[in-house]
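Given next are the chains, with one letter for each unit.
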Amino acid sequence: MPPVTVHSCGIDDPAADPRLRHAAAQADLVYGSARLLDALNLPEGKGILLGADARSKAADALAAAASGQNILILASGDALYHGIGGTILSLNKQGIPVTFVPGVTAFQTLFHRLGLPWDEARHFSAHHQETIPLREILSCPLAAVYGGTRHTAAGIARACLGHHPACAERPAVLAENLGTPGERITRGTISTLAEETASPTSILLLLPADAAAASPILPLGLNNASYSKENNLITQEDVRAVILSRLRLPAWGVLWDIGAGSGSIGLEAAALRPGLDVYGLEKNENRLNDIRRNRENLSAIRYTAVCGTAPADLNLLPAPDRIFIGGGGRELVGILDACIARLRPGGILAASAVTLEAEHILHNWRPELRLGSASIDIATSSPIAGQYTHYKPLHRIYIHTFSQA
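Residues numbered from 1 in each chain as written. Predicted model: local features only at pLDDT ≥ 70, side-chain atom pairs only at ≥ 80, totals over all residues. Heavy atoms only, no water.

### Section: the packing of aromatic side chains
Ring pairs (aromatic) are described by centroid distance and by the angle formed between their planes. According to the stated counting rule, one finds 5 aromatic pairs in the structure shown. Ring centres of Tyr81 and Phe107 lie 5.7 Å apart, and the angle between their planes is 70°; this geometry places the pair in the edge-to-face category. Of this pair, Tyr81 sits in the loop between strand E4 (71-75) and helix H4 (84-91) while Phe107 sits in helix H5 (residues 106-114), placing them 26 residues apart in sequence. Accessibility expressed as a relative area gives 5% for Phe107, which makes it buried. Between the aromatic rings of Phe111 and Trp118, the centroid separation amounts to 5.4 Å while the plane-to-plane angle is 15°, which identifies the pairing as stacked. You can call Phe111 buried: its relative accessible area is 1%. Through a chain of ring-to-ring contacts, the aromatic side chains of Tyr81, Phe107 and Tyr146 assemble into a single cluster. The lysine or arginine in question, Arg366, covers the ring of Trp365, its NZ or CZ lying 5.9 Å from the ring centre. (Phe/Tyr/Trp six-rings, centres within 6.5 Å; stacked < 30°, edge-to-face > 60°. Helix = DSSP H or I, 4+ residues; strand = E, 2+ residues; numbered from the N terminus. Buried < 20%, exposed > 50% of the residue type's maximum accessible area, 1.4 Å probe, protein only. Lys NZ or Arg CZ within 6 Å of the ring centre and 35° of its normal.)

The following block contains the structure:
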């Protein structure tokens with residue numbers, strides 16, 4: 001037996017698995033939940049309870065393995081999906097050999113109970129999450145979400161309904177306690193399942209919907225009314241879409257939004273690219289509160305609002321792959337210099353200007369790094385003279401993009 005074996009128990013009864021019983025007999029110590037340890041009927045002193053202190057117990061298990069003991073860790077569910085396996089790997093600085101044994105997962109069981117192919121399903125966990133990526137979940141034609149103590153499957157349904165009321169009639173399934181005598185699988189809609197109660201050991205499955213309105217719209221140039229903002233301080237919808245296109249957003253990496261204001265640029269980037277880590281730097285506390293509200297409304301869980309100024313507080317942020325600067329005033333040159341110095345090779349910096357003074361700075365700054373420049377004139381329909389409509393021009397916007405080789 002290797003020094004550490006991590007056995008994913010899934011929904012199976014550990015006492016019915018001969019491999020697991022054999023591994024438990026060979027192990028010097030067995031770590032697991034009370035239910036799993038009780039099922040194996042271990043000798044006194046051999047079983048170590050894994051509870052809220054799972055991280056410290058995992059460290060103890062690795063230390064025991066390093067001293068020559070054989071360790072068996074029983075994982076509830078799948079050890080490598082938001083489980084103890086990830087904790088073990090993060091703590092294993094000594095490189096102790098670890099073997100992982102798979103088990104039948106609750107996700108797999110549910111799809112087989114329903115006779116439903118799951119090759120196109122997206123899987124999420126709300127088990128230990130404070131914030132659920134509701135927009136991303138609702139945007140998937142087929143999504144399965146693990147619940148937990150904080151967010152049960154019924155609670156997740158309620159959160160989906162609150163985030164996007166138009167999803168109310170989308171078909172869904174609530175499953176709880178799979179593989180136990182208390183197993184329950186309920187079909188319904190998001191709105192009917194939101195009225196249910198569910199145990200922490202539960203899953204919400206969102207099925208494909210015929211109505212396109214059941215899914216949130218693409219977060220690109222959302223209506224200004226969608227955002228909390230101070231004195232209408234927000235990049236206009238159409239300009240937002242152009243800036244985001246010029247940034248050529250990667251699927252992952254880091255984006256800075258400098259002088260974030262309402263956060264609209266960075267928040268839409270975070271919603272478009274859920275794997276991207278976005279940092280909005282803003283010095284005004286009222287605007288930071290607006291950003292936090294907008295972050296919640298848009299369910300952009302990887303957006304971080306940072307209180308600070310540029311260039312002084314750029315050291316608070318990780319090295320970026322993309323940068324947007326939407327102002328800067330008298331500090332603009334210093335901000336540009338400091339930002340380009342931190343930009344990773346191949347990254348893109350986009351900066352916008354409304355005033356001629358800022359446009360003059362951007363036009364003359366580091367021309368050898370410039371990717372392109374654009375001037376955007378937008379006019380929107382507006383009533384005039386009580387019975388007519390005309391196009392009312394907005395401020396001209398200048399956009400410059402730069403790249404660090």
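### Describing the environment of Leu343
By secondary structure assignment, the location of Leu343 is in the loop between helix H12 (332-342) and strand E15 (348-353). In this structure, the C-alpha to C-alpha distance between Leu343 and Pro320, residues 23 residues apart in sequence, is 5.3 Å. Residues in contact with Leu343, not counting those within four places in the same chain, are Pro320, Asp321, Arg322, Ile323, Ile348, Leu349 and Gln404. (Contact = heavy atoms within 4.5 Å.)

### Quick notes on the nonpolar core
Generally speaking, soluble globular proteins have nonpolar side chains that are buried together. Ranked by size, the top nonpolar core spans 28 residues in total, and within it Ile243, Leu247, Leu249, Leu255 and Tyr303 carry the most contacts. Counting residues per element, this core draws most heavily on helix H10 (residues 264-272), which supplies 5 residues. Residues contacting Leu255, with those up to four places away along its chain left out, are Leu247, Leu249, Gly266, Ala269, Leu276, Asp277, Val278, Tyr279, Arg322, Ile323 and Phe324. In terms of nonpolar packing, the next biggest core, distinct from the first, is built from 25 residues, Trp256, Leu317, Ala353 and Leu362 among them. (Core = buried A, V, L, I, M, F, W, Y, C linked by side-chain atoms within 4.5 Å.)

### Considerations on unusual backbone geometry
With an omega dihedral of 5°, the bond running from Ala310 to Pro311 counts as a cis peptide bond. Take Pro311: it is sitting in the loop between strand E13 (303-307) and strand E14 (322-325). In this structure, His82 takes a positive phi of about 55° despite not being glycine. Its place among the elements puts His82 in the loop between E4 and H4. Positioned with a positive phi, Ser299 is a non-glycine residue whose angle comes to about 55°. Structurally, the position occupied by Ser299 is in the loop between helix H11 (285-298) and E13. For Ser299, a relative accessible area of 9% corresponds to the buried category.

### Here's the deal with the pairing of strand E2 (residues 29-32)
Of the two faces of E2, the one holding Leu29 and Tyr31 and the one holding Val30 and Gly32 are both buried throughout. Bridge count for E2 against E4 is 3 bridges, and the pairing is parallel. Paired with Tyr31 across the bridge in E4 is Ile73. Sheet topology places E2 next to strand E3 (residues 47-49); 3 bridges connect them, and they run parallel. Bridge pairing in E3 links Val30 to Gly47. Between the parallel elements E2 and E3, the chain passes through helix H2 (residues 34-40) in a crossover that is right-handed. (Pairing = 2+ DSSP bridges. Right-handed = clockwise from strand over helix to strand, strands pointing away.)

### So, the sheet that holds strand E7 (residues 143-146)
Spatial strand order, E6-E7-E10-E8-E9: 5 strands in an open sheet with mixed pairing. If you trace the sheet from one side to the other, it starts and ends with strand E6 (122-125) and strand E9 (184-189), each paired once. Adjacent strand axes in the sheet meet at a mean angle of 20° when their direction is disregarded. Along the sheet, helix H7 (residues 153-163) makes contact with E7, strand E8 (171-176) and strand E10 (202-206), crossing E10 at roughly 35°. (Axes fitted to C-alpha atoms, helices over the stretch in contact; angles between N-to-C directions.)

Any functional reading would require information that these geometric values do not contain.
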